[in-house]
Amino acid sequence: MAGAGGRLHPSPEAAGCWCLPAGAGRRRLPLLLLLLALLLLAGAGVALPGEDLHACKESEYHYEYTACNSLGSRWRVAVPHNPGLCTGLPDPIRGTECSFSCKAGEYLDMNDQSCKPCAEGTYSLGTGIRFDEWDTLPHGFASIATNLEIDDSFTESLENCTMSKWVPMGDFIASSTDECTATLMYAVNLKQSGSVSFEYIYPDSSIVFEFFVQNDQCQPTVEKSRWLKTTEKGWQVHTVELGRGNNVLYWRTMAFSVWSKAPKPVLVRNIGITGVAYTSECFPCKAGTYAAKPGSSFCQQCPENSYSGKEATSCHQCEATMYSEPGSAACKPRPACTDKDYFYTHTACDTNGETQLMYKWAEPKICKEDLPSAVSLPPSGVKMMCPPCNSGFYKTNASTCEPCAYGSYSNGSGCISCPVGTEPVLGFEYKWWNMLPANMETTVLSGISLEYKGMTGWEVAGDYIYTAAGASDDDFIILTLVVPGFSPPQSVTKDSENKEIARITFVFETICSVNCKLYFMVGTNSRTDTPVEIWAGPKGKQSYTYIIEKNATTSFTWAFQRTAYHEAGRKYTNNVARLYSVNVTNVIDGVASYCRQCALESSGSSCTSCPAGHYIDRDSGGCYPCPPNTYLKAHQPYGSQACIPCGPGTQNNKIHSLCYNDCHFSVSVEGRTLEYDFSALANTTSFSGEPSFTSKGLKYFHHFNISLCGNHGRKLATCTDNVTDIHIPGKEADSSKSATSYVCQSIIVPSDMMGYKSVMSSQPVSLADRFVGVTTESTLDNITSPADYFAPENVGLSDVIFYFRSNDVTQTCNDGRATAIRVRCDPLKSPGSLSVPTKCPEGTCDGCTFHILWETVEGCPLCSTDDYHAIISACVGGIQRTTYVWREPKLCAGGIPLPEQKVSICKTMDFWLKVGISAGACAAVLLTVLTCYFWKKNQKLEYKYSKLVMNSGAKDSELPAADSCAIMEGEDVEDDLIFTSKNSLFGKIKAFTTKRTSDGFDSVPLKTSSGTTDMDL
């Protein structure tokens, strides 16, 4: 019921003004004085010339108060409904004090200026007003939509936000669900200090919701209550104190979801404001409500199957053929019953171990059975054998299922004590559904008002549990499992580095003919459940596993909505979701379905935990250490196969709980070993990709935090969600959601885009929980990093790629998300630059594997002797220099330094030329001398040989023959002769060429006995 109107009197200053400039009140004071003078003249019976006016009747005027003066007093004056039609108005009299007010349920009777109770069917707030009818926007409210995006290239986005306003929905008003800023405003002037209160539902943290008040100087009030927290269950009440004077109330929302799913809107209703002034009449109750007693301050809602009109004092029952929902203004005809209006369930097992199949009408029952086309409820009572108890429970004599005591286990029949050397594995495994387990509860949440209804949402059906019919098809059918906490078995080593402490696995199926949705949500310590997975449309029977990483009281919720559109009646009851089994591990105070072998103490009788990094031998129960470069599968530490080898480039930590890289890496390439040192990249680094824009023009970034090596396996990169905690500058609130890993991603909206002081971060996602390995290969453990996603690599030097995996398993990523970080050598970039593929601005092209390129000088291998060469200069002035330079392009950094220049003494070229000529001359002389010597020696040998030849023919008894110059018989004229002369070498050559006779014989000089040449032959 909108509280505006002629009888509610906020001061004229507030009308049509959101924030008044200074001096506005002084400018309006003369107008008020002029109005008072005219009223006094009218009361004195002054009429315009030529007119004969009748005396005013009580029905032709009403009373109002003048503005309060500086002393806090005012006058009561009569104001005609139509000025100039009558005369003789009552004289002004002194009114009540400005601070005077009536109680709630009363109004001020202006005739005698006293408070009187409201009549039946009406109500009042005394000094306040209430707005509880939202068929249209009440008088005095304004709804505007803006976009704080300041990028000039998106100026058209303002037009896109035209329709993004608060929308009246009957009993409440709903915010927009896009990134436009939707503001609902109301201005009021208070005569005394008061307050504003309203009910709201804020279910989705993807929307920023703030409420604040501005005063006369357009300054906001205290910030502590400005940012509202998300609601957990149903409507919440928010109250803010208001000061005297002008107050402008603002309800502002802006969606922050950039994914495809639209967030749920913020709903506001029952806005009440106190301290506005007096009210001279009571407000009638709206249709669907009533006030049975006088002096009511509010109206009560009519129950179901009843209705009321406006200003009702009671509700009327609907006829038998009609029905109505609570708070209805009219009844509707009951439709014929169909098979969508009933459901089936099973009774508890009786003493004979039997259960009965029962059919029941869905509540509230709105259909009629006696119509011609109606169906009847199928007969109930068919008996069947009860299903066995779930694992960890046993069946009592009364055919009920009770949990087995600690130290024992069961398969659903009887409890069996765990053998020596084993321990029970505690948890909950539900696969038989005859009764709803004690730690489960079910209800129905209205899809319109988001209020919980006292209805059963899920029904047991033996082999499964399924969604029953709600009040309407857009209702959320809720099933919640609450677990008090988690504790791994005693023999499992507690590992602070491994985030998994338990897991939940369930098998489900959805049967849908329209776009139904099944939500799986997780909440910790009674906080709002957060959706972790959503399945839309029909889904075949399948399994889903969620890793639990925090030991706290945890609630798991399944919510099924048949359709998001509200329609009267039930059309899609046949659309159902089924849960076949639910299995939660390591639950405190859980039950055991089996016992596992444990490590034994020295006494051999009780279980103990193995030292860190040791596995349990199945045969002996002893603990044995895992070999180097392996990590232990902590939740299944049995046998040597539980020690899993580390990936390339990684090593195990001290307790063998994980593998990590120590920021060093080596690889052999073409006969040489390249050494890398990434220590400078060990600290957490963050970067954002190129800006993206939503359809409304909101600019946002995909922001990445990277801890490349971590700290011996400790994950240092953290991404947070501060949408609902942005009011705490520089501090992360306890309720903030965060993701800590090697690599995480969040959505960032700059502060200038939102109009807030701090950057807004939302939707943190872990991309790297486990180190897979470091290599130069483009594929590792089924993770591929295509080289063509980025610019070509350096020639002759491959990128070093870090591979990671996350624990988050989604519908599209069965093995979890993965990340590949390429570290590329670039000597010109220090500390470097990070980027994502241009074709995939979100960092991923398939939604599962994220690709990042890190170009930096720290990505170059350490320099070695293979990375430089020597240049030797010419000998100048007896000095020669040897200079060492890097090979180009230089693709190394750090390592060994470049050697210093070497200087050595040398000889010039002229000196060596002289030495060479001298040596050559000496060699020529020596060669000549040797030639002569050996020729001379040869001549002597020839002579001796000739004589030996000539004497070889003589007989032994004969003396040698005398020398003869004649040619002996048988001698060849060509035979060599014995030269007895001692001519020079040139003389002998001349003799050979000139002393041959014409007959072809040589002329040989002969010697006489005296030794002189006698003649020639």
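What comes next concerns the included structure.

Below, the discussion takes up the sheet that holds strand β27 (residues 354–361). On the basis of which strands lie adjacent, the open sheet formed by 3 strands has the order β26-β27-β28 and antiparallel pairing. Of all strands in the sheet, those with a lone pairing partner are β26 (342–346) and β28 (382–385), marking the two edges. Ignoring strand direction, the axes of neighbouring strands in this sheet form an average angle of 30°. Sheet topology places β27 next to β28; 4 bridges connect them, and they run antiparallel. Across the sheet, Thr355 pairs through a bridge with Met384, a residue of β28.

With that settled, the discussion passes to the pairing of strand β58 (residues 699–706). The element β58 is largely enclosed, with a buried count of 8 among its 8 residues. Across the two faces of β58 the burial is the same, with Lys699, Phe701, His703 and Asn705 and Tyr700, His702, Phe704 and Ile706 all buried. Taken together, the 4 bridges between strand β56 (residues 685–688) and β58 define a ladder with antiparallel strand orientation. Following the sheet pairing, Thr685 is matched in β58 by Ile706. As defined by bridge partners, strand β57 (residues 692–693) adjoins β58 across 2 bridges and the pair is classed as antiparallel.

Hydrogen bonds between backbone atoms are what pair the strands of a sheet, whose relative direction is either parallel or antiparallel. Sheet architecture is open: 3 strands sit in the order β2-β3-β5, paired in antiparallel fashion. The open sheet has two edge strands with one neighbour each: β2 (61–65) and β5 (93–94). Pairing of β2 with strand β3 (residues 75–80) involves 5 bridges; the strand directions are antiparallel. Paired with Tyr61 across the strands is Pro80, a residue of β3.

Another point: the side chain of Ser555. Checked against the element boundaries, Ser555 lands in strand β43 (residues 554–561). Looking at Ser555, the relative accessible area reads 15%, which means it is buried. Setting aside anything within four residues of it in sequence, one finds Ser555 in contact with Thr480, Leu481, Val482, Met521, Val522, Gly523 and Asp529.

Quick notes on the rules
- Residues numbered from 1 in each chain as written.
- Predicted model: local features only at pLDDT ≥ 70, side-chain atom pairs only at ≥ 80, totals over all residues.
- Heavy atoms only, no water.
- Pairing = 2+ DSSP bridges.
- Helix = DSSP H or I, 4+ residues; strand = E, 2+ residues; numbered from the N terminus.
- Axes fitted to C-alpha atoms, helices over the stretch in contact; angles between N-to-C directions.
- Buried < 20%, exposed > 50% of the residue type's maximum accessible area, 1.4 Å probe, protein only.
- Contact = heavy atoms within 4.5 Å.

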